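So the chains spell out like this:
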Amino acid sequence: MRFIIIPASSDKAIGDHFAAFRKFAQRREPWYSSDQKSFSVIRFSPAATMSASDDDVRDLKENRRRKRRNSLLQLLLAGLLVFAAATGGLYYALRPVTLRIAVGPPGSNDQKLIQAMAETFDRGRNAVRLSPIVTEGAAQSLALLGASTADLAVARGDLDMPGEAEAVVIVRNDVAVLWWPSGLPGRVSKKRRAPKIKAIDELEGHRLGVIGTTPANIALLRMILTESGVAPDKVAVTQFGTDQIEELARDPNLDAFMTVGPVDSKITADAIAATTRARGEPKFLPIDVSEAIALKHPLYESAEIPGSAFNANPAWPDDKVETVGVSHLIVARKSLSETTVATLTRQALAARHRLAREVPGGPHIKKPDTDKDAALPVHRGAAAYIDGTERTFLDRYGDYFWFALLLLSGIGSAGAWLRQYLKRDEREEITELRNKIMAMISKLSTAQSVEALLVMQRDFDAIIRETLECHDDGAIDEEDLAAFGLALELFDHAVADRRAALEAGPPESTRLRAR
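Here's a quick rundown of the structure. Remember, predicted model here, so these are calculated numbers, not experimental data.

So, about the overall build of the protein chain. Scanning the protein chain from N- to C-terminus turns up 15 helices and twelve strands. Per-residue burial for the protein chain yields a buried fraction of 40% across its 515 residues. Excluding contacts between residues fewer than 6 apart, the proportion of contacts in the protein chain whose partners are at least 24 apart in sequence is 78%. Roughly 28,500 Å² of accessible area belongs to the protein chain as shown, and the carbon and sulfur atoms make up 54% of that amount.

Structural data, given as structure tokens:
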């Protein structure tokens with residue numbers, strides 16, 4: 001007995017229908033025979049596919065294997081490209097940033113501190129590194145910063161800053177120290193007695209020696225004299241280099257002395273000791289108008305020199321002395337990255353104790369004032385770290401990630417549309433094939449013989465093969481698959497119904513004729 005092989009009934013999933021008629025389309029043996037008087041209709045089962053041609057099955061498997069291999073190669077290539085892009089992005093994000101920092105003069109404590117800081121950052125493989133540029137002084141360092149030749153500069157806060165300079169960290173706080181020698185006992189000349197200067201307003205008509213050749217020290221002295229009620233032109237000033245301390249101490253024409261530096265400055269201590277040996281015990285001059293100076297000139301601040309700051313026995317000074325202070329700090333260009341400056345601030349503050357063991361001045365590194373009304377504004381990166389408002393990775397790049405997702409979504413949608421557009425001819429063919437199936441279903445009710453059913457079945461086989469080819473090419477989506485599944489089931493029932501109607505007619509009309 002021969003059987004008509006019909007795809008699975010409606011209680012199966014549409015995907016099972018499609019898998020069934022894929023193998024059903026490969027069958028070459030006719031589903032009728034002239035030597036049989038009758039035949040039966042059965043539902044599709046896997047055993048029924050054993051009649052498929054081995055060659056066709058082999059070709060189909062080879063085509064599938066080739067397409068799968070090509071897909072794997074494309075997937076591997078895409079994975080390699082994604083990996084390369086991720087690796088490049090990671091390297092770009094994690095590479096260290098090197099900042100050029102101008103500092104001077106050569107051999108100064110500032111230059112030694114910055115050099116030690118750069119070496120510390122290199123040893124620690126920190127994210128931000130320093131490349132020192134040695135200059136003749138702070139003025140030249142600021143000039144390089146203003147010309148964008150340097151990213152950072154070390155300078156005193158009362159110098160003329162470039163317009164885009166902003167504070168990062170305070171290297172140290174300098175204080176002004178003024179004193180006069182009381183004279184050596186038993187060696188005071190009757191012609192040249194040491195003048196007694198008990199206050200700054202008594203400096204008028206005297207000569208003052210200033211250690212340090214920077215014009216900023218002279219500007220500070222003139223401001224102190226002016227606020228103290230002394231005409232700056234009434235005080236004669238002579239500047240000495242830091243290597244001329246002994247010459248300053250032996251100059252008999254000088255009535256008082258001044259230095260500007262940190263409280264623990266070796267230069268200040270050496271100068272006081274040298275003048276004491278040559279001219280007698282030092283008497284320190286307080287700056288009583290320090291608070292008024294700080295109020296009128298925000299770049300300066302009121303400060304105190306503690307007792308015994310320069311010597312313990314005897315105590316120099318013997319009690320605290322009021323004075324004026326100015327910050328010595330690292331400044332950066334405003335355009336410098338917020339993340340970079342925040343990282344630099346963190347590294348500098350973390351390394352100060354380590355630097356204290358290597359160079360003088362390391363422990364003096366501290367945070368700047370982040371108030372909005374500060375005389376010298378703080379860089380937004382340093383302020384973010386100090387105030388605890390530093391943005392996280394997602395805060396900084398979250399918007400870019402969302403934009404990338406939207407962009408990828410748009411690209412995917414455009415790609416899908418382009419794919420549909422390129423396959424529009426195939427989709428039109430699919431619609432035409434589906435319409436042919438529906439037309440064949442309509443014609444089944446008028447078929448007058450089994451031969452007519454056979455012709456329709458062969459046409460249906462050809463439609464199925466063409467549909468399978470479109471499916472392998474990706475031209476059929478889930479909606480088309482569902483539509484073909486429904487059309488297939490309709491054809492299944494129509495063949496069964498017409499078969500039953502032909503069997504119920506005259507026997508000769510249902511007799512199978514040999515071919």
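Here the narrative resumes, following the displayed structure.
Turning next to unusual backbone geometry. Cis geometry marks the peptide bond from Gly-104 to Pro-105, where omega comes out at 0 degrees. The topology assignment puts Pro-105 in the loop between strand E3 (97-103) and helix H3 (109-123). Non-glycine residue Arg-125 carries a positive phi angle of around 50 degrees. With respect to the secondary-structure elements, Arg-125 resides in the loop between H3 and strand E4 (128-134). Its relative accessible area of 71% is what places Arg-125 among the exposed residues.

With that out of the way, let us pick up the side chain of Thr-259. By the secondary structure assignment, Thr-259 is in strand E9 (residues 256-261). Beyond its immediate stretch of four places on either side in the chain, Thr-259 contacts Val-175, Ala-176, Val-177, Trp-179, Ile-211, Thr-268 and Ala-271.

Another aspect to go through is the layout of surface pockets. Within this model, the largest pocket holds a volume of roughly 1,200 Å³. Lining the largest pocket we find 40 residues, and of these Pro-105, Ser-108, Arg-172, Thr-242 and Ile-267 sit closest to its centre. Of all the secondary-structure elements, those providing two or more residues to the lining of the largest pocket are H3, helix H4 (138-146), strand E5 (152-156), strand E6 (165-181), helix H5 (215-227), E9 and helix H7 (266-279). Of the residues forming the lining of the largest pocket, the biggest block, four residues, is contributed by H7. By residue class, the composition of the lining of the largest pocket is 14 nonpolar, 18 polar and eight charged.

Reading the values: the criteria
Residues numbered from 1 in each chain as written. Predicted model: local features only at pLDDT ≥ 70, side-chain atom pairs only at ≥ 80, totals over all residues. Heavy atoms only, no water. Helix = DSSP H or I, 4+ residues; strand = E, 2+ residues; numbered from the N terminus. Buried < 20%, exposed > 50% of the residue type's maximum accessible area, 1.4 Å probe, protein only. Contact = heavy atoms within 4.5 Å. Areas by Shrake-Rupley, 256 points an atom, 1.4 Å probe, with all protein chains shown as cover. 1 Å grid on protein atoms, 1.4 Å probe; cavity = no way out; pocket = protein on both sides within 12 Å on 5 of 7 lines; lining within 4 Å. Points joined across faces, edges and corners; volume = space filled by probe spheres on them. Nonpolar A, V, L, I, M, F, W, Y, C, P; charged D, E, K, R; others polar.

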